[in-house]
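Coordinate inspection notes
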Amino acid sequence: MAHPLGTRPAVRRTPLDADERARGEANFAPYVAEQLLAHGRFRVSADTEEMVELFQAVARRVGEMLKRPVVSYANGRYLVIAFAQQSSHLTGEDTPPTLE
């Protein structure tokens, strides 16, 4: 379909296939874990339901990697991943985990 001269065609987003999604989770998780350990939170632009779902899956994977509860909050534009608030006397841990 032609569009008027001097204008750009509308952006079309294509969904990730299963392989792309799996690779995205696997590749983002170590980076997000690093950022959490260094800064305590990670923020990413997630303006589609697909991106929110992808980064929520990354957050779950990071929690499993670090053996520490991780939460994610989405507001329709950004998604923030952070450590869940917990009391150290409940877990018996006084030092944060390291990324191995």
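Thresholds applied
Residues numbered from 1 in each chain as written. Predicted model: local features only at pLDDT ≥ 70, side-chain atom pairs only at ≥ 80, totals over all residues. Heavy atoms only, no water. Helix = DSSP H or I, 4+ residues; strand = E, 2+ residues; numbered from the N terminus. Contact = heavy atoms within 4.5 Å. Salt bridge = Lys/Arg side-chain N within 4 Å of Asp/Glu carboxyl O. Pairing = 2+ DSSP bridges. Axes fitted to C-alpha atoms, helices over the stretch in contact; angles between N-to-C directions. Core = buried A, V, L, I, M, F, W, Y, C linked by side-chain atoms within 4.5 Å. Buried < 20%, exposed > 50% of the residue type's maximum accessible area, 1.4 Å probe, protein only.

1. Here's the deal with the side chain of Gln35
Relative to the helices and strands, Gln35 is located in helix α1 (residues 18–39). Leave out the neighbours within four places in its chain, and Gln35 touches Gly40, Arg41 and Phe42.

2. Remarks on the pattern of salt bridges
Counted under the stated rule, the structure contains 3 salt bridges. Taking the shortest distance from any N to any O, the salt bridge between Asp19 and Arg23 comes out at 2.4 Å. Placement of the pair is Asp19 and Arg23 together in helix α1, with a separation of 4 residues, close to one helical turn. Ionic contacts of the salt-bridge type, sharing partners, join the residues Arg21, Glu25 and Arg61 into one network.

3. Quick look at the sheet that holds strand β1 (residues 41–45)
If you walk across this open sheet you meet the 3 strands as β1-β3-β2, and the pairing is antiparallel. Two strands lie at the open edges of the sheet, namely β1 and β2 (70–74), each paired on one side alone. Direction aside, neighbouring strands of the sheet carry axes that sit 15° apart on average. Relative to strand β3 (residues 78–83), β2 runs antiparallel, the two sharing 5 bridges. Each residue of the ladder has a partner; that of Val71, found in β3, is Ala82. Sheet strands in contact with α1 are β1, β2 and β3, and its direction is about 130° off that of β1.

4. Here's the deal with the nonpolar core
Counting 18 residues, the largest nonpolar core has Val32, Leu36, Phe55, Val62, Val70, Leu79 and Ile81 as its most contacted members. Contributing elements (two or more residues each) for this core: α1, β1, α2 (49–66) and β3. The contact partners of Ile81, leaving out residues within four places of it in the chain, are Val32, Leu36, Arg41, Phe42, Phe55, Ala59, Val70, Val71 and Ser72.

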